[in-house]
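As a plain string of letters, each chain reads:
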Amino acid sequence: QPPYTTSTLQQDAYKKLGFQSARIMKVAQELYEGINIGHENGGTRGLITYMRTDSTNLSGLAINTAKEYITENYGENYSHPRQYKTHSKGAQEAHEAIRPTFISNTEITGTAQEQKLYNLIWKRTIASQMTEAAVLNTSIKVQSDRRSEKFAVQASRVIFDGFLKGPWKFAERGTRLFGRGIEIELRGSGELCGTGNAVQTSVYQQGKREVGIRRRI
């Protein structure tokens, strides 16, 4: 997914952090204005870019810094530097998306709300520059020649974890097999339990189907 705009940050912070819109923008303003890191270190330093934007652009510096972080922490094949096209009509392309001013700052000092919102922005920025995950989804439908009932089982297997390898939590991660206590018996040359059935598999990248295959066995 692309890095945050104002609207997508508000939506995500509400869903994941429970922050109301006014609270989100107040905390984002505090992060933008920054914290005092001492006169000898340059005084006040902003922690995120401007929080009122409809652009998904990232600067070349931000993309390169994210690439370095991802390559160093996860491996070169997890890095996918790219620029996202802004679909909003009349968007100010000269502006940047909301991102940390310094990608290397994985954590900050500040209030609990500031830390939570910053963490959300940092993770989204890093994830936007990582390779997509490839997930194999398989469904098997079984119908007996002697009974009217139909049975169905589904399974998902991560072929390449891509951005899922990052430091964030997802509802489904890793391999989910055909369910506890369920056994699938394969017989002969593709015959499944002596019935005519179908196996359907699909490969998804970040939740979007990339390849679909359907075959009868």
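To be clear, the structure that these remarks concern was listed above.
Residues numbered from 1 in each chain as written. Predicted model: local features only at pLDDT ≥ 70, side-chain atom pairs only at ≥ 80, totals over all residues. Heavy atoms only, no water.

Can you help me understand the environment of R52 in this one?
By the element assignment, R52 lies in the loop between β2 (44-45) and α3 (60-73). Residue class for R52 comes out partly exposed when judged on its relative accessible area of 47%. (Helix = DSSP H or I, 4+ residues; strand = E, 2+ residues; numbered from the N terminus. Buried < 20%, exposed > 50% of the residue type's maximum accessible area, 1.4 Å probe, protein only.)

In this structure, what is going on with the nonpolar core? I would like to understand it.
With 30 residues, the main nonpolar core has L9, I48, L117 and I126 as its most contacted residues. Sorting the residues of this core by element identifies α1 (6-17), α2 (21-33), α3 and α4 (112-127) as the ones contributing at least two each. In terms of residues, this core owes the most to one element, α4, which gives 6 residues. Apart from the residues within four sequence positions on either side, L117 is in contact with L9, A13, L17, I24, V27, A28 and L31. (Core = buried A, V, L, I, M, F, W, Y, C linked by side-chain atoms within 4.5 Å. Contact = heavy atoms within 4.5 Å.)

Could you clarify how one ought to interpret α4 in this entry?
One turn of an α-helix holds 3.6 residues; hence residues three or four places apart share an orientation. Compared with an ideal rise of 1.5 Å per residue, which puts 16 residues at 22 Å, α4 spans 22 Å between its outermost C-alpha atoms and is within 8% of the ideal. Of all the positions in α4, only E114, L117, Y118, L120, I121, W122, R124, T125, I126 and A127 are classed as buried. If you follow the buried residues of α4, they end up packed against α1, α2 and α3. (Expected span 1.5 Å × (residues − 1).)

So what exactly am I meant to see when it comes to the pairing of strand β4 (residues 150-160) here?
Bridge count for strand β3 (residues 134-143) against β4 is 10 bridges, and the pairing is antiparallel. Paired with V142 across the strands is F151, a residue of β4. (Pairing = 2+ DSSP bridges.)

Is there a simple way to explain the packing of aromatic side chains in this structure?
Geometrically, a pair of aromatic rings is defined through the distance of the ring centres and the angle of the planes. In the structure shown here, the tally under the stated rule is 4 aromatic pairs. An angle of 65 degrees between the planes, with centres 5.2 Å apart, marks the rings of Y32 and Y50 as edge-to-face. Within this pair, whereas Y32 is found in helix α2, its partner Y50 is found in the loop between β2 and α3, the two being separated by 18 residues in sequence. Ring centres of Y69 and W122 lie 5.3 Å apart, and the angle between their planes is 90 degrees; this geometry places the pair in the edge-to-face category. (Phe/Tyr/Trp six-rings, centres within 6.5 Å; stacked < 30°, edge-to-face > 60°.)

Quick question: what am I supposed to make of α2 here?
Under the 1.5 Å per step criterion, the end-to-end length of α2 is 18 Å for 13 residues, consistent within 8% with the ideal 18 Å. Within α2, burial applies to I24, M25, V27, A28 and L31. Along the axis of α2, the buried positions cluster into a sector of 165 degrees, meaning they face one direction only. Where the residues of α2 are buried, they touch α1 and α4. One or two steps after α2, the chain reaches G34, where phi turns positive at roughly 90 degrees. (Arc of directions from axis to C-beta.)

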